[in-house]
Number of protein chains: 2
Amino acid sequence: MSEVGTIESIPDATVARLPVYLRGLLELADTGVEMVSSVSLAELAGVNAANVRKDLSYLHAHGTRGVGYEVGHLLAEIRVVLGGSRSSPVVIVGVGNLGRALSRYDGFLAGGFPIAGLVDADPMVVGRKVAGTVVRPVGELADVVAQTEATVGIVATPANAAQEAVDRLVQAGIRSILNFAPAVVAVPNFVDIRQVDLATELQILGYHQHRRTGDSDTSLVSG
Amino acid sequence: MSEVGTIESIPDATVARLPVYLRGLLELADTGVEMVSSVSLAELAGVNAANVRKDLSYLHAHGTRGVGYEVGHLLAEIRVVLGGSRSSPVVIVGVGNLGRALSRYDGFLAGGFPIAGLVDADPMVVGRKVAGTVVRPVGELADVVAQTEATVGIVATPANAAQEAVDRLVQAGIRSILNFAPAVVAVPNFVDIRQVDLATELQILGYHQHRRTGDSDTSLVSG
DNA sequence: ACGCTCTTGTGCACCGGTTCACATGGCACT
DNA sequence: AGTGCCATGTGAACCGGTGCACAAGAGCGT
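Since the structure is predicted, the reported quantities are computational estimates derived from the model, not experimental observations. (Residues numbered from 1 in each chain as written. Chains lettered and ligands numbered in written order. Predicted model: local features only at pLDDT ≥ 70, side-chain atom pairs only at ≥ 80, totals over all residues. Heavy atoms only, no water.)

## Examining the protein's contact with DNA strand C
Right, on to step 1. Inspection of the region around DNA strand C gives 27 residues, with Arg-17 and Arg-65 of chain A together with Ser-38, Arg-53 and Tyr-69 of chain B positioned closest.
Right, on to step 2. Among the atoms of DNA strand C close to the protein, meaning within 4 Å, 67% are from sugar or phosphate groups.
Right, on to step 3. The contact in question runs from a phosphate oxygen of DNA strand C to an N or O atom on the side chain of Asn-48 of chain A, over 3.1 Å.
Right, on to step 4. Within the side chain of Arg-53 of chain B, one N or O atom sits 2.8 Å away from a base nitrogen of DNA strand C.
Right, on to step 5. Those elements giving two or more residues to the surface near DNA strand C turn out to be α1 (12-30) and α3 (49-58) of chain A together with α3 (49-58) of chain B.
Right, on to step 6. With 4 residues, the top contributor of residues to the surface near DNA strand C is α3 of chain A.
Right, on to step 7. Tallied by class, residues from the surface near DNA strand C come to 7 nonpolar, 12 polar and 8 charged. (Near = heavy atom within 4 Å. Polar contact = N/O pair within 3.5 Å; in protein donor to acceptor, adjacent residues only side chain to side chain. Helix = DSSP H or I, 4+ residues; strand = E, 2+ residues; numbered from the N terminus. Nonpolar A, V, L, I, M, F, W, Y, C, P; charged D, E, K, R; others polar.)

## Brief notes about helix α8 (residues 159-171) of chain A
Residue and element names in this part refer to chain A.
Right, on to step 1. In this model, α8 (13 residues) spans 19 Å end to end at C-alpha, consistent with the 18 Å of a helix rising 1.5 Å per residue.
Right, on to step 2. Where α8 is buried, its residues meet β3 (90-93), α7 (141-148), β7 (152-155), β8 (176-179) and β9 (192-195).
Right, on to step 3. Positive phi appears at Gly-173, one or two residues downstream of α8, with a value of about 100 degrees. (Expected span 1.5 Å × (residues − 1). Contact = heavy atoms within 4.5 Å.)

## Here we look at the protein's contact with DNA strand D
Right, on to step 1. The immediate surroundings of DNA strand D are formed by 25 residues, with Ser-38, Arg-53 and Tyr-69 of chain A together with Lys-54 and Arg-65 of chain B found nearest.
Right, on to step 2. At 2.4 Å, a side-chain N or O of Lys-54 of chain B approaches a base oxygen of DNA strand D.
Right, on to step 3. Elements supplying a minimum of two residues to the surface near DNA strand D: α3 of chain A together with α1 (12-30) and α3 of chain B.
Right, on to step 4. Broken down by element, the surface near DNA strand D gets its largest block of residues, 4 residues, from α3 of chain B.
Right, on to step 5. Of the residues in the surface near DNA strand D, the class split is 6 nonpolar, 11 polar and 8 charged.

## Considerations on the sheet that holds strand β3 (residues 90-93) of chain B
All names here are of chain B.
Right, on to step 1. Strand order in the open sheet made by the 7 strands is β5-β6-β4-β3-β7-β8-β9, with mixed pairing throughout. Single-partner strands in this sheet number two, and they are β5 (129-130) and β9 (192-195).
Right, on to step 2. In the sheet, β3 pairs with strand β4 (residues 115-120) via 4 bridges, with the strands oriented parallel. The partner of Val-90 across the bridge, within β4, is Ile-115.
Right, on to step 3. Across the sheet, helix α7 (residues 141-148) touches β3, β4 and β6 (133-137), and the angle it forms with β4 is around 175 degrees. (Pairing = 2+ DSSP bridges. Axes fitted to C-alpha atoms, helices over the stretch in contact; angles between N-to-C directions.)

## Section: the pattern of salt bridges
Right, on to step 1. For the structure on display, the rule yields 10 salt bridges over all chains.
Right, on to step 2. Of the charged contacts in the structure, one is a salt bridge between Arg-23 of chain A and Asp-197 of chain B, with a shortest N-O distance of 2.4 Å. Taken together, the residues Arg-23 of chain A in helix α1 and Asp-197 of chain B in the loop between β9 and α9 (198-214) connect one chain to another.
Right, on to step 3. Taking relative accessible area as the criterion, Asp-197 of chain B reaches 7% and is therefore assigned buried. (Salt bridge = Lys/Arg side-chain N within 4 Å of Asp/Glu carboxyl O. Buried < 20%, exposed > 50% of the residue type's maximum accessible area, 1.4 Å probe, protein only.)

What follows is the structure, given as structure tokens:
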């Protein structure tokens, strides 16, 4: 996958869990807890305790044997790893139902990803104000990126416009993209893209459901 | 993970790719293509060709050597595996920004997952009509599930209400849940739950970005 | 009918990730 | 200071998944 290797690299699976730990730690900090063991953090994150310890060992976040980890320390450590606690403005391409919802989603701002720009191809949508931001034409994407200093792009267009949207984002200098359009898009290998496919998620659930109900026998349960 | 094993089980990784194949195949069918090789399907889905062949072998979807796979046949085969092409009505708990966007999302209906019911805890929201459906109080969830014959639940509540929402869904008989709330929730092991965490996705992107820009050297590129 | 070409189907080696189990070592209490 | 307890940190086995590479086999042209 990533082939930098200059600085110590953290396994992808670990990186994917760090935000979950972060959430759990924030909760603990809110309730005044100062120390946490790998076991309780694991419970909070829904993973195995040994896994937590191994994950944290990648961050050089040392705990104290017999005691646990310092919550505040861990928080800071994880924040540094996940983008240096620097704010990363986001530009959204495609202001349909999903784009609007995303632009209003509090979780992004709280996580250090303020929605700084909105663009759309539809002239009916351009010019409207959504979540405090005026929607600008997709042709001006490069300007929007430059002005807002956006570093992350979200694609929330229909599937058939996704590739073009991604191309424009890359053209505008964006190197991190989150794609909600149900389409496989190609990007240069210096661009990091993640796919979030809502319909696919339901279909995966559908498989297991079908499997369960299609199975005439229900005497399993196992635990 | 899943421990049924009565009928032949398909690896999770394969199941996750089937919807992508399905999309690609629909595209091909639309353009009148009747046969497809594992190589072109792989390209369409953004995966390795051998992987495609191995995936399809799990479905007993035989291709013809030297020729490829029949598009229509494959389509039918995958649809059967992913829930028997039966429609699975969905009930959404939490009709905020995200819940509204999801209830209007075309992709769900197209994939056989019509939004059949909406519930919310906020009396201000209850009674309103969203995407053609009246929002009902969360207390009536069991009724809504029964009336709509919903088999899938989507949780789009704030994090602190997620566990309760999930509990209610399980109570109402739902066994397949898609959770958009940024919270780890516990479910009985006969319930299948998938997590879609928007902020987490951005944070993962943030890690790689930080890593890239934090690295003073940029002489890599590799391809 | 024969052989060539093309694509499927799969055995096998490799790789990342997970989990167990245990040694290591700090802290508290006496 | 000594002793016991407890949680960390990690070596090593295990497991699922991926991708190469090749044999098997279908169709087509001659």
